[in-house]
Amino acid sequence: MNPVFLSAVGDTGLTMASVLSTITEVFTAAVGWVGTVAETVAGNPLLLVGVVIGFIGTGIGLFSRLLRV
């Protein structure tokens, strides 16, 4: 996978079309990275334990903040 470079600035300057194109490239790359991580976690169930523990910790943290309000 090629890294995304912000090459939107040329001789004409920064245009809205070039900014949107760059944002689209970055978003597409990020979705691809999430897909790769999801495939890796699904292929190795031991990694799923870490993901589940992370979600549980996040849920507990959010719930405790909710109770403090």
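This text gives an overview of the structure that appears in the document. All of these numbers come straight from a predicted model, not from anything done at the bench.

About the thresholds
- Residues numbered from 1 in each chain as written.
- Predicted model: local features only at pLDDT ≥ 70, side-chain atom pairs only at ≥ 80, totals over all residues.
- Heavy atoms only, no water.
- Helix = DSSP H or I, 4+ residues; strand = E, 2+ residues; numbered from the N terminus.
- Buried < 20%, exposed > 50% of the residue type's maximum accessible area, 1.4 Å probe, protein only.
- Areas by Shrake-Rupley, 256 points an atom, 1.4 Å probe, with all protein chains shown as cover.
- Expected span 1.5 Å × (residues − 1).

What follows covers the overall build of the protein. Of the regular secondary structure elements, the protein holds two helices and zero strands. Counting across all 69 residues of the protein, residues that qualify as buried make up 7%. Summing over all exposed atoms, the protein offers an accessible surface of approximately 6,000 Å²; the carbon and sulfur share of this is 73%.

This part covers helix H1 (residues 16-43). The terminal C-alpha atoms of H1, which comprises 28 residues, lie 41 Å apart, in line with the 40 Å expected from a rise of 1.5 Å per residue. Those residues of H1 that sit buried are Ser18, Thr22, Ala29 and Val41.

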